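So you can see what is in the structure, the chains are spelled out below.
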Amino acid sequence: MAPRGNSFGFKEPRKSNSKLGPFPIVGEFGGSIPDSLYSSNKEASWNRWRRGYELATSNLSYAAFEYPFSYNIPLPSGTTQSGENPPVMAGIIRGFPTKNKELGMHWCGSVLAGSLRFDNLVDQNDVDLSIASVTESGHFWRVQLAGTWDANNPLPPPLFIETPGDQPNLTPLNGDVLEDRVLTQADIPITKETIDPNTGIRYGYTAAVLDSIEPYNGVLILRKQGSVEATFDSVLITPAQRAPQVGRFFINGSKYACSCQDFTRRQYFYVSTFLGRRKSPTFPLTKCATLKPGRYEVTTTAGEIDERIMQKALQDRALTIVAPSGYELPYNQSVNSKDVNNIPSNTNRDFPGVFSDFGNVYTRGTDIPSDPNAPVPRSEGMVKYGDYDTIPPAAAGQPNQLIQVQDTWSHLLDEYRYCKHIYAMKYTDDLFPPEPSDFPAFTTEQVAWEQRLVDETERDQRKAFDNITTYGLSYMDVPPLNVQSPIMISMMQKMLNIPASFIKIEGFTMYDKNGNAYVPASGGRPSNV
Amino acid sequence: MSSTPGFGDIIQTRVDLSEDQLTKREFGRSPVKLSGNPSRYHAGDTVNLPFGSGETSTISAMGDAWAATVTGGSPE
C-alpha cells in the first residue's frame, strides 16, 4: 500500500535527513503540525469536488457503463401487494473504470427523486401526510405533518419504526433529501419549470435534508443549511429562502452511494499481489495511529460465511453488520450465538487495514435540535471536530475531559461526504455541486497541482480503459449480478435504504442502451446490436 | 409537456445527450449502434410514481421491509 497521504497528490513534507534530524512525528493522531495539515488536505471535501469535476470531464466517452434499473422491493412474507403497480424504486448504477483497481471499476449509484412519495403515507385515520404547518426554528424548519399523533400512534414506517426491547428505534429516512414537489395526492411532481395556471408564475419548491423527527408529534425537522430552492425564476439557489409549502407532499431527492474505498472506507486487496506480480503487502495495512474501532460486514449464504466475489448469479446472500460495543448501528441483525460475530475479539476492535476513520462530516455552525445546550462547533475560525464530547475541567488549569468519541454522520445537502465519483455523477448530470469550503492548504502552487491533476486524470482514464479491455468485464461483474458481492452489498443497502435481506437480484429490471427492459433473473439480456 | 406522463416515466431529466455525443460514443474501438433513448433513467432525473390511495407504494414497501426486519421478518 502506498504511504498514506500520497493518494491525493499533495506534496509530502520534505524528508528530513535521517542522520541529522529533526525527526518529525509521523503518527496521525496527535501528530505534528505538518502531518495534521497533510491529513486536513487529504480529508478535504474540496479535493473530492475538484477531482470529481476532472473525472466527469474526462469520462464522457465512457457513458456506456451506465446501468439504469428499477428495483421492485419484495414484500415481507405474509403480506400481499394491493394495487396493480409494483413498488419500484428507479435508479442508475454507473461504472467508473479505475486504474488503481486492477480487476474492475468502481460502481456509483443513484436512486432518483420521486421514488418515495409522502402522499402514499397515512396516519391512523387514513389522513394523507401533507404539510400542515411550518415553523422556523433557528437553523431548522419544523414541519408539522397532517394527521393525529400521540404516543401510541407515531409517524408511520419508514419515517419511524419502533423496535422491541432496548434496541434503538429506526429512522431510515433521516439524512435523506426531501423536496415539496407534489401538490395533491397522486399528482405529477412539479419541476422547477412548472407554472401555476392560476397565477401564471412558477410554483418553485424547496429541497432540504431531513435532520431528525419527533415521531410522536408528527413533526419533521429539516435543516436549512445546504437547502436548495427552485425559485419563481427557475433558478436553483442555496440556502433556500422560503420554507416548504403548506398543503404539499414531500418526495425524496436524489440519493447517491459508491463502492469505492473512499466512500466505503474499505481498503483494497490486490489479487495480483497474491499471485506474486505486485510487490506490496499481501494484506492491506493501516497505521495503528489511525485504527479505529469500527464496523465491518460479513456476507453469508445459509448462515455460512461467504465472501466470494463470484457466486451463482441468482444465489441470494445475507449481510450482517458487526459492530463493536458503543458503535452499533440500529440496523444490525440478530446473530447466531455460535458464529463469528459473537467472538469478542471480532467485535471489540477493528480489523487492521479494513477500516479507518472517514466519513464524518465536520459540521459547522449548526445546532442540535434535540439538545440546544450541546456543545457544537462553529464556522468562525478554524474548523473543529464535532465527533467527541467533553465535560468542563474539574478545576482551573486542567484540560477538558474527553468523555465520548463517536461517529457524527451529519447529512448535509451537498455537504454529505461524497467521493469524487459521486461528484463526477453530479457534474455530468448538470447539477453543479456547491464548492466545499474546506479548501486545502496547498504546499505546492495550486495551478501546478491542478495542471498535474488534469494530466494525470486523462492518463489514468486511458490506462483504466486499457485495463478494462485487457481483463474484460464478465457478465457477473456488472449490475445487478454483482450487487451481492461483499463490496457492493453494503453500498446497495445504503443507496436503496432497505435491509440487505430485501435486496434480491430477482427484483431488478434493467434497461439496455436502447431503453428496452430486461430482467436478468429471468434470463434476460441486453441488446448487443 | 405535451402529454401526461405515465407510471414510472421521467418528468424531469438532467441529461439530454446531443447527437454529437451519441455518435461519438464508443466501447473500446467498436462503434456502438444506438437507437432511441440510450437508457431509460439518468442520475438526477425525477420519476413519476403516482400510487393510488391504498396501493402498496414504494415508500410503504420500504417501511414494511424495515418494520419486518426489527421483528425478524424476511422477504417472501
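Quick caveat, the model's predicted, so the values are computed rather than measured.

(A) Just the overall build of chain B, in detail. Assigned secondary structure in chain B consists of two helices and four strands. Listing the helices and strands of chain B from first to last along the sequence gives β-α-β-β-β-α. For chain B, the residues scored as buried account for 45% of the 76 residues in total. When contacts within chain B are restricted to residue pairs at least 6 apart in sequence, those whose partners lie at least 24 apart make up 72%. With an accessible surface of roughly 3,800 Å², chain B has 48% of that area assigned to carbon and sulfur atoms.

(B) How the structure looks around the side chain of Glu54(A). All names here are of chain A. Turning to its location among the elements, Glu-54 is positioned in helix H2 (residues 45–57). Side chain to side chain, Glu-54 and Arg-50 meet in a polar contact 2.8 Å long. Not counting residues up to four positions away in its chain, the partners in contact with Glu-54 are Leu-453, Val-454 and Thr-457.

(C) View of the pattern of salt bridges. Residues and elements named next belong to chain A. Applying the stated rule across the entire model yields 15 salt bridges over all chains. Linking Lys-224 and Glu-136 is a salt bridge whose minimum nitrogen-to-oxygen distance equals 2.5 Å. Here Lys-224 is found in strand E8 (residues 219–230), whereas its partner Glu-136 is found in strand E4 (residues 131–137), with 88 residues between them in sequence. When the shortest N-O distance is used, the salt bridge between Arg-142 and Glu-214 registers 2.7 Å. Here Arg-142 is found in strand E5 (residues 140–145), whereas its partner Glu-214 is found in strand E7 (residues 205–214), with 72 residues between them in sequence. On the basis of relative accessible area, Arg-142 is assigned to the partly exposed category, the value being 29%. Beyond isolated ion pairs, a larger network of salt bridges with shared partners links Arg-50, Glu-54 and Glu-450.

(D) Focus on the environment of Val209(A). Residue and element names in this part refer to chain A. Mapping Val-209 onto the fold places it in strand E7. Overall, the relative accessible area of 2% leaves Val-209 in the buried class. Put simply, Val-209 and Asn-514 are 305 residues apart on the chain and 35 Å apart in space, counted from C-alpha to C-alpha.

(E) The packing of aromatic side chains, seen in detail. Evaluation of the coordinates by the stated rule reveals 13 aromatic pairs over all chains. Aromatic side chains Phe160(A) and Tyr216(A) sit 5.6 Å apart centroid to centroid with 75 degrees between the ring planes, which places their arrangement in the edge-to-face category. Of this pair, Phe160(A) sits in the loop between E5 and strand E6 (177–182) while Tyr216(A) sits in the loop between E7 and E8, and the two are 56 residues apart along the sequence. Judged by its relative accessible area of 5%, Phe160(A) falls in the buried class. Ring geometry for Phe7(B) against Phe51(B): centres 5.1 Å apart, planes inclined by 80 degrees, an arrangement best described as edge-to-face. On the criterion of sequence distance, the pair formed by Phe7(B) in the segment before strand E1 (10–12) and Phe51(B) in the loop between strand E4 (46–47) and helix H2 (58–70) is long-range, its members being 44 residues apart. What makes Phe7(B) partly exposed here is its relative accessible area of 28%. Through successive ring pairs, a cluster of aromatic residues spans Trp46(A), Trp49(A), Tyr53(A), Tyr427(A) and Trp449(A).

(F) Examining H2(B) more closely. For H2(B), which comprises 13 residues, the first-to-last C-alpha distance of 19 Å matches the rise-based estimate of 18 Å (1.5 Å per residue) to within 8%. Burial runs high along H2(B): 10 of the 13 residues are buried. Residues of H2(B) that are buried: Thr58(B), Ile59(B), Ser60(B), Ala61(B), Met62(B), Gly63(B), Ala65(B), Trp66(B), Ala68(B) and Thr69(B). Contacts made by the buried residues of H2(B) are with strand E2 (88–97) and helix H8 (486–496) of chain A. Positive backbone phi, at 85 degrees, marks Gly72(B), one or two positions downstream of H2(B).

(G) The environment of Asn47(A), seen in detail. Residue and element names in this part refer to chain A. Looking at the secondary structure, you find Asn-47 in helix H2. For Asn-47, a relative accessible area of 0% gives the class buried. In sequence terms Asn-47 and Asp-455 are 408 residues apart; their C-alpha atoms lie 16 Å from each other.

(H) View of the nonpolar core. One finds Leu159(A), Leu220(A), Met492(A), Met495(A), Leu496(A) and Phe508(A) to be the most contacted residues of the largest nonpolar core, which totals 81 residues. With six residues, the single largest contributor to this core is H2(B). Residues contacting Phe508(A), with those up to four places away along its chain left out, are Phe69(A), Ser70(A), Tyr71(A), Pro480(A), Val483(A), Met492(A), Leu496(A), Ile503(A), Tyr518(A), Val519(A) and Pro520(A). Within the second largest apolar cluster, eight residues are counted, among which are Ala90(A), Leu112(A), Leu49(B) and Phe51(B).

(I) Here's a closer look at the confidence of the model for chain A. Residue and element names in this part refer to chain A. Of all residues in chain A, 64% attain a pLDDT of 70 or more, and the chain-wide mean is 75. Taken element by element, the predicted model of chain A shows its lowest mean pLDDT in helix H5 (residues 344–347) (45) and its highest in strand E10 (residues 249–252) (96). Note that pLDDT drops below 50 for residues 25–34; the model gives that stretch 18 contacts with residues more than four away or on any other chain. Between residues 357–366, whose pLDDT stays under 50, and residues either more than four places distant or in other chains, the model counts 45 contacts.

Quick notes on the rules
Every residue gets a number counted from 1 within its own chain, in the order that chain's sequence is written. Each chain gets a letter, beginning with A, and each ligand a number, beginning with 1, in the order they are written. Local features in a predicted model are, by the rule used here, given only for residues with pLDDT of at least 70; side-chain atom pairs are given and counted only at 80 or more, and totals for whole chains, interfaces and linings are based on all residues. As a rule here, side-chain values cover all heavy atoms of the structure and leave hydrogens and water aside. Only DSSP runs of H or I covering at least 4 residues are called helices, and only runs of E covering at least 2 are called strands; the numbering of each starts at the N terminus. Type-normalised accessible area, obtained with a 1.4 Å probe on protein chains alone, sets the label of each residue: buried when under 20%, exposed when over 50%, and partly exposed for intermediate values. Any pair of residues with heavy atoms lying within 4.5 Å of one another is described as a contacting pair. Values of accessible area rely on a 1.4 Å probe in the Shrake-Rupley scheme; residue burial ignores everything except the protein chains shown. The definition of a polar contact used here is a pair of N or O atoms within 3.5 Å, where within protein one atom must be able to donate a hydrogen and the other to accept one, and adjacent residues in sequence count solely through side-chain atom pairs. What makes a salt bridge here is a side-chain nitrogen of Lys or Arg within 4 Å of a carboxyl oxygen of Asp or Glu, nothing more. A pair of aromatic rings is counted whenever rings of Phe, Tyr or Trp (Trp by its six-membered ring) have centres within 6.5 Å, and the orientation is called stacked for planes under 30 degrees apart, edge-to-face for over 60 and tilted otherwise. How far a helix is expected to stretch is found by multiplying one less than its residue total by 1.5 Å. For this analysis, a nonpolar core means a set of buried residues of the types Ala, Val, Leu, Ile, Met, Phe, Trp, Tyr and Cys, connected via side-chain atoms within 4.5 Å. The predictor reports its confidence for every residue as pLDDT, a score running from 0 up to 100.

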